[in-house]
Amino acid sequence: MSRHPAGGGDSARGFDYIRSMGSYYASRTPRAALLAVEEGAAPIESFAYKVLSSKPLFEEPYNLEELERVLAHPGLSLGDAMLLSEIFADMTKGPDKELALFAAESLGALEGRWARRVEALRPVALDAAEAESCPEGEGGFAFARALFEYALLEGRYASIRNYYLREAYYVLSSSAEACASAEGFDLRIRCLLHLGLVDQAEAVIASELGKRGDGELLVLAAEAAFARKDPRRIRELLAGRELAELGLDPDREHLLRGWTA
(Lines give C-alpha, C1' and ligand atoms only; values in the text may rest on other atoms or scores of the structure.)
Protein backbone atom coordinates (compact mmCIF):
# COMPACT_ATOMS: atom_id res chain seq x y z
CA MET A 1 0.00 0.00 0.00
CA SER A 2 1.47 3.39 -0.94
CA ARG A 3 1.84 5.83 1.93
CA HIS A 4 1.14 9.56 1.81
CA PRO A 5 2.22 12.32 4.17
CA ALA A 6 -0.35 13.29 6.80
CA GLY A 7 -0.62 16.71 5.22
CA GLY A 8 -1.47 15.14 1.86
CA GLY A 9 0.49 17.61 -0.33
CA ASP A 10 -0.98 20.19 -2.68
CA SER A 11 -2.66 17.55 -4.89
CA ALA A 12 -4.86 16.40 -2.02
CA ARG A 13 -6.08 19.80 -0.81
CA GLY A 14 -9.76 20.71 -0.77
CA PHE A 15 -11.80 19.26 -3.62
CA ASP A 16 -8.62 17.77 -5.12
CA TYR A 17 -8.86 15.02 -2.50
CA ILE A 18 -12.36 14.02 -3.66
CA ARG A 19 -11.15 13.77 -7.26
CA SER A 20 -8.17 11.62 -6.26
CA MET A 21 -9.61 9.75 -3.27
CA GLY A 22 -9.54 6.45 -5.14
CA SER A 23 -5.75 6.38 -4.85
CA TYR A 24 -5.79 6.59 -1.05
CA TYR A 25 -6.51 4.08 1.70
CA ALA A 26 -10.30 3.64 1.94
CA SER A 27 -11.38 3.92 5.60
CA ARG A 28 -14.69 2.34 6.62
CA THR A 29 -15.35 4.56 9.66
CA PRO A 30 -14.33 8.04 10.89
CA ARG A 31 -12.15 6.44 13.57
CA ALA A 32 -10.38 4.29 10.98
CA ALA A 33 -9.87 7.40 8.82
CA LEU A 34 -8.26 9.21 11.77
CA LEU A 35 -5.93 6.28 12.43
CA ALA A 36 -5.00 6.22 8.74
CA VAL A 37 -4.11 9.91 8.92
CA GLU A 38 -2.03 9.38 12.06
CA GLU A 39 -0.17 6.51 10.35
CA GLY A 40 0.46 8.62 7.26
CA ALA A 41 -1.65 6.33 5.06
CA ALA A 42 -4.09 9.09 4.05
CA PRO A 43 -4.34 12.90 4.07
CA ILE A 44 -6.21 14.82 6.76
CA GLU A 45 -8.87 15.65 4.14
CA SER A 46 -9.87 11.98 4.13
CA PHE A 47 -10.84 12.20 7.81
CA ALA A 48 -12.84 15.39 7.24
CA TYR A 49 -14.59 13.84 4.25
CA LYS A 50 -15.53 10.70 6.21
CA VAL A 51 -16.91 12.68 9.15
CA LEU A 52 -18.84 15.22 7.09
CA SER A 53 -20.27 12.60 4.74
CA SER A 54 -21.56 10.42 7.57
CA LYS A 55 -25.31 9.95 7.74
CA PRO A 56 -27.68 7.89 9.90
CA LEU A 57 -27.25 4.15 9.34
CA PHE A 58 -30.94 3.48 8.89
CA GLU A 59 -31.59 6.12 6.25
CA GLU A 60 -31.98 5.50 2.52
CA PRO A 61 -29.96 5.12 0.42
CA TYR A 62 -28.37 2.61 2.77
CA ASN A 63 -24.63 2.58 3.42
CA LEU A 64 -23.76 -1.07 2.78
CA GLU A 65 -20.37 -0.84 4.45
CA GLU A 66 -21.95 0.50 7.63
CA LEU A 67 -24.66 -2.15 7.54
CA GLU A 68 -22.00 -4.83 7.28
CA ARG A 69 -20.02 -3.28 10.12
CA VAL A 70 -23.03 -3.17 12.46
CA LEU A 71 -24.06 -6.70 11.48
CA ALA A 72 -20.59 -8.02 12.34
CA HIS A 73 -20.46 -6.31 15.74
CA PRO A 74 -20.19 -8.99 18.47
CA GLY A 75 -22.32 -6.93 20.86
CA LEU A 76 -25.17 -6.26 18.43
CA SER A 77 -28.28 -5.33 20.44
CA LEU A 78 -31.74 -6.73 19.80
CA GLY A 79 -33.04 -3.28 18.87
CA ASP A 80 -30.39 -2.78 16.20
CA ALA A 81 -30.84 -6.35 15.00
CA MET A 82 -34.56 -5.75 14.48
CA LEU A 83 -33.85 -2.58 12.52
CA LEU A 84 -31.30 -4.42 10.39
CA SER A 85 -33.85 -7.16 9.79
CA GLU A 86 -36.38 -4.63 8.51
CA ILE A 87 -33.80 -3.00 6.24
CA PHE A 88 -32.54 -6.26 4.77
CA ALA A 89 -36.08 -7.55 4.26
CA ASP A 90 -36.98 -4.34 2.42
CA MET A 91 -33.84 -4.54 0.29
CA THR A 92 -34.68 -8.07 -0.88
CA LYS A 93 -37.78 -6.65 -2.62
CA GLY A 94 -35.82 -4.12 -4.69
CA PRO A 95 -35.14 -4.41 -8.44
CA ASP A 96 -31.36 -4.63 -8.01
CA LYS A 97 -30.65 -8.39 -7.96
CA GLU A 98 -27.12 -8.01 -6.61
CA LEU A 99 -28.34 -5.81 -3.78
CA ALA A 100 -31.22 -8.20 -3.09
CA LEU A 101 -28.76 -11.10 -2.86
CA PHE A 102 -26.57 -9.15 -0.44
CA ALA A 103 -29.64 -8.38 1.69
CA ALA A 104 -30.85 -12.00 1.66
CA GLU A 105 -27.45 -13.30 2.72
CA SER A 106 -27.15 -10.66 5.44
CA LEU A 107 -30.65 -11.44 6.69
CA GLY A 108 -29.79 -15.12 6.83
CA ALA A 109 -26.62 -14.37 8.79
CA LEU A 110 -28.54 -12.18 11.23
CA GLU A 111 -31.30 -14.71 11.86
CA GLY A 112 -28.78 -17.53 12.06
CA ARG A 113 -26.94 -15.67 14.81
CA TRP A 114 -30.03 -15.60 17.04
CA ALA A 115 -31.04 -19.14 16.07
CA ARG A 116 -27.63 -20.44 17.17
CA ARG A 117 -28.06 -18.64 20.47
CA VAL A 118 -31.37 -20.43 20.99
CA GLU A 119 -29.88 -23.83 20.21
CA ALA A 120 -26.84 -23.20 22.39
CA LEU A 121 -29.08 -22.45 25.38
CA ARG A 122 -31.54 -25.31 24.78
CA PRO A 123 -29.41 -28.08 26.37
CA VAL A 124 -28.51 -25.78 29.28
CA ALA A 125 -32.20 -25.21 29.95
CA LEU A 126 -32.98 -28.93 29.74
CA ASP A 127 -30.18 -29.77 32.15
CA ALA A 128 -31.39 -27.13 34.58
CA ALA A 129 -34.97 -28.42 34.35
CA GLU A 130 -33.83 -31.97 35.11
CA ALA A 131 -31.85 -30.73 38.10
CA GLU A 132 -34.81 -28.56 39.19
CA SER A 133 -32.57 -25.56 39.40
CA CYS A 134 -32.03 -22.35 37.48
CA PRO A 135 -28.48 -21.01 37.88
CA GLU A 136 -28.08 -17.28 37.49
CA GLY A 137 -27.64 -16.37 33.81
CA GLU A 138 -28.46 -19.91 32.69
CA GLY A 139 -31.37 -22.32 32.50
CA GLY A 140 -35.00 -21.62 31.78
CA PHE A 141 -35.06 -17.83 31.80
CA ALA A 142 -32.03 -17.33 29.54
CA PHE A 143 -33.45 -19.88 27.09
CA ALA A 144 -36.90 -18.26 27.14
CA ARG A 145 -35.35 -14.84 26.63
CA ALA A 146 -33.45 -16.12 23.58
CA LEU A 147 -36.68 -17.61 22.19
CA PHE A 148 -38.51 -14.33 22.80
CA GLU A 149 -35.83 -12.28 21.03
CA TYR A 150 -35.77 -14.66 18.09
CA ALA A 151 -39.55 -14.37 17.84
CA LEU A 152 -39.31 -10.57 17.64
CA LEU A 153 -36.56 -10.82 15.04
CA GLU A 154 -38.83 -13.00 12.92
CA GLY A 155 -41.76 -10.66 13.53
CA ARG A 156 -42.65 -10.24 9.86
CA TYR A 157 -43.68 -13.91 9.77
CA ALA A 158 -46.63 -14.26 12.15
CA SER A 159 -46.57 -18.06 12.22
CA ILE A 160 -42.87 -18.25 13.10
CA ARG A 161 -43.09 -15.38 15.58
CA ASN A 162 -46.03 -16.90 17.42
CA TYR A 163 -44.44 -20.35 17.51
CA TYR A 164 -41.37 -19.07 19.36
CA LEU A 165 -43.42 -16.80 21.60
CA ARG A 166 -45.52 -19.78 22.67
CA GLU A 167 -42.40 -21.86 23.26
CA ALA A 168 -40.89 -19.07 25.38
CA TYR A 169 -44.10 -18.81 27.39
CA TYR A 170 -44.20 -22.57 27.91
CA VAL A 171 -40.59 -22.64 29.13
CA LEU A 172 -41.28 -19.86 31.63
CA SER A 173 -44.53 -21.41 32.82
CA SER A 174 -43.13 -24.92 33.20
CA SER A 175 -40.17 -23.69 35.25
CA ALA A 176 -42.11 -21.13 37.32
CA GLU A 177 -40.91 -22.51 40.67
CA ALA A 178 -37.32 -23.06 39.53
CA CYS A 179 -37.06 -19.60 37.94
CA ALA A 180 -39.40 -17.57 40.13
CA SER A 181 -38.37 -13.98 39.55
CA ALA A 182 -39.90 -10.67 38.59
CA GLU A 183 -37.84 -10.79 35.38
CA GLY A 184 -39.35 -14.14 34.40
CA PHE A 185 -42.87 -13.01 35.30
CA ASP A 186 -42.52 -9.86 33.20
CA LEU A 187 -41.27 -11.85 30.20
CA ARG A 188 -44.33 -14.13 30.42
CA ILE A 189 -46.55 -11.04 30.22
CA ARG A 190 -44.65 -9.72 27.21
CA CYS A 191 -45.09 -13.06 25.45
CA LEU A 192 -48.86 -12.86 26.02
CA LEU A 193 -49.05 -9.26 24.83
CA HIS A 194 -47.09 -10.00 21.65
CA LEU A 195 -49.39 -12.97 21.03
CA GLY A 196 -52.39 -10.65 21.31
CA LEU A 197 -53.72 -12.46 24.41
CA VAL A 198 -54.52 -9.25 26.25
CA ASP A 199 -57.26 -10.69 28.50
CA GLN A 200 -54.93 -13.41 29.73
CA ALA A 201 -52.10 -10.92 30.23
CA GLU A 202 -54.32 -8.59 32.28
CA ALA A 203 -55.55 -11.49 34.41
CA VAL A 204 -51.97 -12.49 35.24
CA ILE A 205 -51.01 -8.87 35.92
CA ALA A 206 -54.00 -8.44 38.25
CA SER A 207 -52.79 -11.40 40.33
CA GLU A 208 -49.49 -9.62 40.92
CA LEU A 209 -50.58 -5.98 41.32
CA GLY A 210 -50.29 -4.98 44.95
CA LYS A 211 -47.59 -7.56 45.63
CA ARG A 212 -44.82 -5.68 43.84
CA GLY A 213 -43.86 -2.06 44.23
CA ASP A 214 -41.57 -1.70 41.21
CA GLY A 215 -42.55 0.27 38.15
CA GLU A 216 -42.01 -2.47 35.58
CA LEU A 217 -45.29 -4.18 36.45
CA LEU A 218 -47.07 -0.83 36.15
CA VAL A 219 -45.55 -0.37 32.69
CA LEU A 220 -46.83 -3.81 31.66
CA ALA A 221 -50.31 -3.02 32.98
CA ALA A 222 -50.30 0.23 31.02
CA GLU A 223 -49.13 -1.59 27.89
CA ALA A 224 -51.96 -4.09 28.24
CA ALA A 225 -54.50 -1.28 28.63
CA PHE A 226 -52.99 0.49 25.62
CA ALA A 227 -53.31 -2.71 23.57
CA ARG A 228 -56.97 -2.75 24.52
CA LYS A 229 -57.23 0.93 23.50
CA ASP A 230 -58.40 1.85 26.99
CA PRO A 231 -56.79 5.20 27.97
CA ARG A 232 -59.12 5.55 30.96
CA ARG A 233 -57.64 2.38 32.48
CA ILE A 234 -54.12 3.75 31.99
CA ARG A 235 -55.01 6.94 33.86
CA GLU A 236 -56.57 4.85 36.65
CA LEU A 237 -53.37 2.84 36.98
CA LEU A 238 -51.24 5.98 37.19
CA ALA A 239 -53.52 8.04 39.44
CA GLY A 240 -51.68 9.15 42.59
CA ARG A 241 -48.43 7.42 41.59
CA GLU A 242 -45.07 9.07 42.22
CA LEU A 243 -43.37 7.93 39.02
CA ALA A 244 -39.97 9.21 40.12
CA GLU A 245 -40.02 6.72 43.02
CA LEU A 246 -40.71 3.62 40.89
CA GLY A 247 -37.15 3.08 39.72
CA LEU A 248 -37.98 3.30 36.02
CA ASP A 249 -35.45 4.17 33.38
CA PRO A 250 -35.88 7.71 31.95
CA ASP A 251 -37.56 6.57 28.73
CA ARG A 252 -40.21 4.51 30.49
CA GLU A 253 -40.85 7.20 33.07
CA HIS A 254 -41.25 9.79 30.30
CA LEU A 255 -43.67 7.46 28.50
CA LEU A 256 -45.89 7.10 31.57
CA ARG A 257 -45.76 10.82 32.31
CA GLY A 258 -47.31 11.41 28.92
CA TRP A 259 -50.50 9.80 30.25
CA THR A 260 -50.61 11.90 33.42
CA ALA A 261 -50.34 15.28 31.67
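The rules behind these values
- Residues numbered from 1 in each chain as written.
- Predicted model: local features only at pLDDT ≥ 70, side-chain atom pairs only at ≥ 80, totals over all residues.
- Heavy atoms only, no water.
- Axes fitted to C-alpha atoms, helices over the stretch in contact; angles between N-to-C directions.
- Helix = DSSP H or I, 4+ residues; strand = E, 2+ residues; numbered from the N terminus.
- Parallel < 35°, antiparallel > 145°, perpendicular 65-115°, else oblique.
- Left-handed = near helix turned anticlockwise from the far one by under 90°.
- Contact = heavy atoms within 4.5 Å.
- Buried < 20%, exposed > 50% of the residue type's maximum accessible area, 1.4 Å probe, protein only.
- Phe/Tyr/Trp six-rings, centres within 6.5 Å; stacked < 30°, edge-to-face > 60°.
- Lys NZ or Arg CZ within 6 Å of the ring centre and 35° of its normal.
- Nonpolar A, V, L, I, M, F, W, Y, C, P; charged D, E, K, R; others polar.
- Expected span 1.5 Å × (residues − 1).
- Salt bridge = Lys/Arg side-chain N within 4 Å of Asp/Glu carboxyl O.

Draft legend 1. Summary view of the packing of helix 4 (residues 64–72) against helix 5 (residues 78–91). Packing of helix 4 against helix 5 brings their axes to within 11 Å, and their N-to-C directions diverge by 135°. With respect to each other, helix 4 and helix 5 are oriented oblique. Pair helix 4 / helix 5 crosses with left-handed handedness. For the pair formed by helix 4 and helix 5, the contact residues are Leu64, Leu67, Val70 and Leu71 on the first element and Leu84, Ile87, Phe88 and Met91 on the second.

Draft legend 2. Representation of the side chain of aspartate 186. Here aspartate 186 is to be found in helix 9 (residues 182–194). Residue classification places aspartate 186 among the buried positions, given a relative accessible area of 8%. If we skip the residues at most four places from it in the chain, aspartate 186 touches Arg212, Glu216 and Leu220.

Draft legend 3. Seen up close, the packing of aromatic side chains. Tallied over the entire structure, the rule returns 3 aromatic pairs. On the basis of an interplanar angle of 80° and a centroid distance of 6.1 Å, the ring pair of phenylalanine 88 and phenylalanine 102 is categorised as edge-to-face. Placement of phenylalanine 88 in helix 5 and of phenylalanine 102 in helix 6 (residues 97–130) is noted, with a sequence separation of 14 residues between them. Across the pair, exposure class does not vary: phenylalanine 88 and phenylalanine 102 are buried alike. Between tyrosine 163 and tyrosine 164 the ring centres are 5.0 Å apart and the planes differ by 90°, which places this aromatic pair in the edge-to-face class. Every member of this aromatic cluster is reached through a ring pair, and the members are Tyr150, Tyr163 and Tyr164. Sitting above the plane of the tryptophan 114 ring, arginine 117 keeps its charged end 4.5 Å from the centroid.

Draft legend 4. Region of the structure containing unusual backbone geometry. Positioned with a positive phi, lysine 229 is a non-glycine residue whose angle comes to about 60°. In this structure, lysine 229 sits in the loop between helix 11 (215–227) and helix 12 (231–238).

Draft legend 5. Broad picture of the packing of helix 9 against helix 11. The contact between helix 9 and helix 11 brings their axes to 11 Å, and the two run at 10°. On the basis of their axis angle, the class for helix 9 and helix 11 is roughly parallel. On the side of helix 9, the interface is formed by Phe185, Asp186, Ile189, Arg190 and Leu193, while helix 11 contributes Glu216, Leu217, Val219, Leu220, Glu223 and Ala224. For the contact of helix 9 with helix 11, the residue count by class is 7 nonpolar, no polar and 4 charged.

Draft legend 6. Spatial organisation of helix 11. Here helix 11 contains 13 residues, and its C-alpha end-to-end distance of 18 Å stays within 8% of the 18 Å for a straight helix at 1.5 Å per residue. The buried count for helix 11 comes to 10 of 13 residues, which makes it a mostly enclosed element. Of all the positions in helix 11, only Gly215, Glu216, Leu217, Leu218, Val219, Leu220, Ala221, Ala222, Ala224 and Ala225 are classed as buried. Lysine 229 lies just past helix 11 and shows a positive phi near 60°.

Draft legend 7. Up close: the pattern of salt bridges. This structure, assessed with the given rule, holds 11 salt bridges. A salt bridge links glutamate 223 to arginine 190, with the shortest nitrogen-to-oxygen separation between them at 2.8 Å. Placement of glutamate 223 in helix 11 and of arginine 190 in helix 9 is noted, with a sequence separation of 33 residues between them. Its relative accessible area of 28% is what places glutamate 223 among the partly exposed residues. The exposure class assigned to arginine 190 is buried, which follows from its relative accessible area of 16%. Put simply, glutamate 236 and arginine 233 hold a salt bridge, and the shortest N to O gap is 3.6 Å.

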